[in-house]
Amino acid sequence: MGRSSLFARQQNHELAAEAREMSRAFADSSYLRWVTGENDPERAWEGYFAHTQPQARAVLDGVLATFPPEDRAAAIQLAGAVEAFCLPSKAVESRVFESPGPSAGHLIGISPLVVQLSAEIAWGLHMAHPYAPEALPAGWQTATMHAQESFALTVFQFVRALERPGEAPVPVTMLDTASERIEPAESPASTNPRSFHDAAMIFALAHELTHVREGHLSSGEGQSAGPLLIDQRIAPLMGISDQENEELTADASTFTTCFNYLLTTWVWAKEFRKGAEQSRKRPTDTRQWNLMAWKSAIRATEMCEAYYSAVLLLAHLIRRGGDEDTARRLQTTGMRLPYVQQAVQHVRQKMLVPGYGPFMWTERDVAYRKAHHSWRLHLIENLLPQTSRHRPTHLPGLASRYLTPDETWQDSASAAASLPVLEEQLATMERELGPSHQNTLATRVTIVMVRFAAGGDAHTAIAELRLGIADMARALGPSDPSTFAARHNLAQVRRKSGDRAGATTAFVTLFREELRALGPDHPEVLDTRYELAHLRGEDGDVAGAVTAFTSLLADQERLLGHDHVLTELTRRSLTQWRQETANPPQEATAVPGGPLIAHAPVFSPDHPNTLPAYEARLAHLERSLGHGHPDTLTTRWFLAALRAKAGDASGTAAAYAGLLKHDLHTMDFDDIDVGVLRANLE
């Protein structure tokens, strides 16, 4: 945090005094007494402000120091026009305030609850799903299972504490405990638990600073100074308001800011230990530099996605408290994650990969984020409702509502509005990347499909797709995934134009070539099988369609998980075609098998091997540690939730009954928590 001195002379002391008064106005005496250990309210507040204010200002100055040289003037101006402070209450949102005093500027109030919860979730998922499991010692899978159990239980203890009436303090969490046990000198900054708290504070502050810099004032006055994430011509057709668009823009910008901050902070810290005279030089070891960049990108990504998990969890809590408007706004924000993920992917490919090498967006990265996404849905849809004291209503269809921008362009109005944007992008790609670049060719095909969705002529679309496929085959190869995707689109256009025979022939040929090049478990192969199954039914072979969908569903449950969006789509299609037959066959069942991609984390909640693995773990712990050991009880508690998710009512009841036979105070459960478990059992 030594870079705070770079902007010390620019700090506006009148604005800092106003931040002090704002902090006092938001004071929560119970929280402050718990944090500081002081019973006197005034002394508690003074101690809290004296501790948090330098930290908030240091992070603000550090964020300003990451501005590129061409933006240094803007950074200096912001340093004198913005002040940051920590809200000492249970506020569920960080906020930007107009300066209430004579000094012009803005005050950024950071919610400690959002920071702590985001850091807790990022830390828990980092421990539960190691990014590079092959680098861990033997036996890491068992440690990972325990990390998942501890993470889930800790989050729910957090939730239960926040649900208590009155002024309840934010509980001590496993991240706090880990931070207390690790000294900075004992561990590199990139692996220190404190870096999660740092990243969460950076994310929250950089997000609000982006609103100030871009003119996204809370009052709604003025126009945005910079471009929004979603083009303003098509955002309304996607159901995205200007305010939501500004939030998306700030979140996407925050990833880059968080990455830059973490990278430069860790580099400076490492070089400072080598000697002050070298502290401002770039490391000479390129490998070490790239490693720090890789870890910085991991931490920034973890924090971005953990933030959305925290937002959804807080929406749940606020809804239980009766504030439906705030809950709906938070949940809407949480559902926009795919847009930010797309922006983050673009930043990685356009900015990070050229500068640091192709370590981003690898197959392992995709697998890790699939597990992260699976846990987010598992947390909100399954485990949280079961453990909440208020027994909230299940949130319906959360997984199916995570729509990507491409998926929102399916209707003709959105497609027509998006065409000018895509055509501008294509012109830029042809100029900067060349006409044979993979991204250029893929965008050409996308424009053809969007134009067809907007009401374009099928014959024209077919002719343009054939030209695009020929160019892709020459530039990328006939078995490149982009070429296969374009051929899939061509077959789909034929089908929609009424040429079912031509579509069937195209899909059959495509399926054979994809099977040979990609293997039977590749997602593209599964997609092609889905289309062929529908075509069989449309051609009158209803029994064949049912057979094809039954086989496909079994494979998707094995490879993608029971609750995956595509699995659910196939399940609905199977139900529809079965209704066309007089004698419907038996339900398809999942077939045990391996993960979707090599290196995918094995113990994702949706993976079919997860439940039997936890059952085996429970048997092992009961033999080795005993039935009443805290680790055994935690595993049994988690197993109850997994059995409930699988629809095993009797197994869930047995797990809860076994849990209630023992003293649950070892898990920090109180009498109210035990009452909830008894209600779950009933």
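Per-chain numbering applies: the sequence of each chain, read as written, is numbered from 1 onward. Totals for whole chains, interfaces and linings use every residue, but because this is a predicted model, local features are given only for residues with pLDDT of at least 70 and side-chain atom pairs only at 80 or more, for both listing and counting. As a convention, hydrogens and water are excluded, and side-chain values are obtained from all of the structure's heavy atoms.

Engineer: What is the right way to read the overall build of the protein chain from this model?
Structural biologist: Elements are defined by DSSP. Helices are runs of H or I of four residues or more, strands are runs of E of two residues or more, and each kind is numbered from the N terminus. The secondary structure content of the protein chain amounts to 25 helices and three strands. Throughout, exposure labels follow a simple rule: accessible area from a 1.4 Å probe, protein chains only, divided by the maximum for the residue type, with under 20% read as buried, over 50% as exposed, and the rest as partly exposed. Within the protein chain, the proportion of its 682 residues that are buried is 52%. Taking as baseline every contact in the protein chain between residues at least 6 positions apart, the subset at least 24 positions apart corresponds to 67%. All accessibility values rest on the Shrake-Rupley procedure with a 1.4 Å probe; residue burial counts only the protein chains present in the view. For the protein chain, the exposed surface amounts to about 30400 Å²; the carbon and sulfur share of it is 54%. Whether two residues touch is decided by their heavy atoms; if any such pair falls within 4.5 Å, the residues are in contact.

Engineer: Would you mind going over helix α10 (residues 286-320) with me for this structure?
Structural biologist: Three or four residues apart is the spacing at which side chains of an α-helix point the same way, because the helix has 3.6 residues per turn. Over its 35 residues, α10 runs 51 Å from end to end, which matches the ideal 51 Å to within 8%, given 1.5 Å per residue. Once α10 ends, the next one or two residues include Gly322, with phi positive near 100 degrees. One less than the residue count of a helix, multiplied by 1.5 Å, gives the span that helix is expected to have.

Engineer: I'm lost on the environment of Tyr31 in this one. Help?
Structural biologist: With respect to the helices and strands, the residue Tyr31 is situated in helix α2 (residues 29-36). Between the C-alpha atom of Tyr31 and that of Ser89, which follows or precedes it by 58 residues, the distance is 6.8 Å.

Engineer: Sorry, what's going on with the pairing of strand β1 (residues 82-86) here?
Structural biologist: Sheet faces and side chains relate simply in a regular strand, where the side chains alternate between the two faces. In terms of residue burial, β1 counts as a mostly covered element, since five of its five residues are buried. A two-sided burial pattern is seen for β1, the buried positions comprising Val82, Ala84 and Cys86 on one face and Glu83 and Phe85 on the other. Pairing of β1 with strand β3 (residues 106-110) involves five bridges; the strand directions are parallel. In the sheet register, Ala84 faces β3, and the bridge partner there is Ile108. DSSP bridges decide pairing: two strands pair if at least two such bridges lie between them.

Engineer: Which parts of the structure should I look at to understand the pattern of salt bridges?
Structural biologist: For side chains bearing opposite charge, pairing can occur when the charged atoms are close. By definition, a salt bridge exists where a carboxyl oxygen of Asp or Glu is found within 4 Å of a side-chain nitrogen of Lys or Arg. Inspection of the entire model under this criterion finds 28 salt bridges. For Arg328, the salt bridge identified is with Glu324, shortest N-O distance 3.9 Å. Taken as a pair, Arg328 and Glu324 lie in helix α11 (residues 324-334) at a separation of four residues, close to a single helical turn. Note on Arg328: relative accessible area 44%, which makes it partly exposed. Sharing partners across several salt bridges, the network here consists of Arg20, Glu21, Arg24, Glu42 and Glu46.

Engineer: Would you take a moment to explain the packing of aromatic side chains for this structure?
Structural biologist: Any aromatic ring pair is given by two values, namely how distant the centres are and how the planes are angled relative to each other. Only the six-membered ring of Trp is used, alongside the rings of Phe and Tyr, when aromatic pairs are assigned; centres must lie within 6.5 Å, and planes under 30 degrees apart are stacked while those over 60 apart are edge-to-face, with the rest tilted. On inspection of all chains with the given rule, the structure shows nine aromatic pairs. Ring centres of Phe203 and Tyr307 lie 5.1 Å apart, and the angle between their planes is 40 degrees; on these two criteria the pair is classed as tilted. On the criterion of sequence distance, the pair formed by Phe203 in helix α8 (residues 194-214) and Tyr307 in helix α10 is long-range, its members being 104 residues apart. Accessibility assignment for this pair places Phe203 and Tyr307 in one class, buried. Joined through ring pairs, the aromatic side chains of Phe26, Phe85 and Phe97 make up one cluster. A ring is considered to have a charge above it if a Lys NZ or an Arg CZ atom is located within 6 Å of its centre and within 35 degrees of its normal. Of note, Arg299 hangs over the ring of Phe196, and the distance from its end group to the ring centre comes to 3.9 Å.

Engineer: I would appreciate a short explanation of the nonpolar core in the present structure.
Structural biologist: With 116 residues, the main nonpolar core has Leu64, Leu209, Trp637 and Leu664 as its most contacted residues. Per element, the largest residue contribution to this core is 17 residues, and it comes from α10. Counting residues in hydrophobic clusters, the runner-up holds 14 residues, among them Met449, Ala458, Ala461 and Leu465. As used in this record, nonpolar core signifies buried Ala, Val, Leu, Ile, Met, Phe, Trp, Tyr and Cys residues forming a set joined through side-chain atoms within 4.5 Å.

Engineer: Any chance you could explain the packing of helix α16 (residues 458-475) against helix α17 (residues 481-496) here in plain terms?
Structural biologist: Packed helices, taken two at a time, are described by their axes: the angle between them and the distance between them. α17 packs onto α16 with a crossing angle of 165 degrees between their chain directions and a minimal axis gap of 9 Å. Classed by the angle they form, the pair α16 and α17 counts as roughly antiparallel. Classified by chirality, the crossing of α17 by α16 is left-handed. Counting all contacts with α16, which are made through Ala458, Ala461, Ile462, Leu465, Arg466, Ile469, Met472 and Ala473, the residues of α17 involved are Ser482, Thr483, Ala486, Arg487, Asn489, Leu490, Val493 and Arg494. For the contact of α16 with α17, the per-class residue count stands at 10 nonpolar, three polar and three charged. What counts as an axis is a line fitted to C-alpha atoms, over the stretch in contact for a helix, and the angles between N-to-C directions run from 0 to 180 degrees. Geometric relationships in this document are graded by angle, where less than 35 degrees denotes roughly parallel, more than 145 denotes roughly antiparallel, 65 to 115 denotes roughly perpendicular, and other angles denote oblique. When the near helix sits turned anticlockwise from the far one by under a right angle, the crossing is termed left-handed; a clockwise turn instead gives a right-handed crossing. Put simply, Ala, Val, Leu, Ile, Met, Phe, Trp, Tyr, Cys and Pro go in the nonpolar bin, Asp, Glu, Lys and Arg in the charged bin, and everything else, Gly too, in the polar bin.

Engineer: So what exactly am I meant to see when it comes to the environment of Thr144 here?
Structural biologist: Along the polypeptide, Thr144 turns up in helix α6 (residues 140-163). Through-space distance from the C-alpha of Thr144 to that of His126 is 9.8 Å; in sequence the pair is 18 residues apart. For Thr144, the residues in contact, after removing those within four places along its chain, are Met127, Ala128 and Pro130.

Engineer: Explanation requested: the packing of helix α3 (residues 41-65) against helix α4 (residues 72-81) in the structure shown.
Structural biologist: For the pair α3 and α4, interaxial distance at closest approach is 9 Å and the crossing angle is 160 degrees. The orientation of α3 relative to α4 falls into the category roughly antiparallel. The hand of the α3/α4 crossing is right-handed. On α4, the residues touching Arg57, Leu64 and Ala65 of α3 are Arg72, Ala75, Leu78 and Ala79. Tallied by class, residues from the contact of α3 with α4 come to five nonpolar, no polar and two charged.

Engineer: Explain the environment of Pro608 to me, please; I cannot follow it from the model alone.
Structural biologist: By secondary structure assignment, the location of Pro608 is in the loop between α21 (565-578) and α22 (610-624). Judged by its relative accessible area of 26%, Pro608 falls in the partly exposed class. C-alpha separation for the pair Pro608 and Glu557, spaced 51 residues apart in sequence, amounts to 7.7 Å. Contact partners of Pro608, with chain neighbours within four places excluded, come to Glu557 and Arg558.

Engineer: What's the story with the side chain of Arg495 in this structure? I'm lost.
Structural biologist: Relative to the elements of secondary structure, Arg495 occurs in helix α17. Setting aside chain neighbours within four positions, we find Arg495 in contact with Ala503, Glu531, His534, Leu535 and Glu538.

Engineer: How should the sheet that holds β1 be read in this particular structure?
Structural biologist: What holds strands together in a sheet is hydrogen bonding between their backbones, with the strands either parallel or antiparallel. Read across the sheet, three strands follow the order β1-β3-β2 without closing on themselves; strand pairing throughout is mixed. This sheet does not close on itself; its edge strands, each paired only once, are β1 and β2 (95-98). Taken over all neighbouring pairs, the strand axes of this sheet differ in orientation by 25 degrees on average, direction set aside. Bridge count between β2 and β3: four bridges; the pairing is antiparallel. Opposite Glu98, over in β3, you have His106 as the bridge partner.

Engineer: Help me out: how do you make sense of the state of the cysteines in this one?
Structural biologist: Defined simply, a disulfide is a covalent bond joining two cysteines at their sulfur atoms. Here, a disulfide means two cysteine sulfur atoms that sit within 2.5 Å of each other. Here the structure, examined in full by the defined rule, presents zero disulfides. No disulfide involves Cys304; its nearest neighbouring cysteine sulfur is the one of Cys258, lying 9.0 Å away. Under the relative-accessibility criterion, Cys304 is labelled buried at 4%.

Engineer: Would you take a moment to explain the confidence of the model for the protein chain for this structure?
Structural biologist: Reading predicted coordinates in detail is not appropriate for stretches of low pLDDT. Confidence per residue, as judged by the predictor, is encoded in pLDDT with a range of 0 to 100. Chain-level pLDDT for the protein chain is 79 on average; 79% of the residues reach the 70-or-more range. Counting contacts from residues 275-281, a segment whose pLDDT is below 50, to residues more than four positions away or on other chains yields six contacts. The model gives residues 391-397 a pLDDT under 50, and that stretch makes 15 contacts with residues more than four places away or in other chains.

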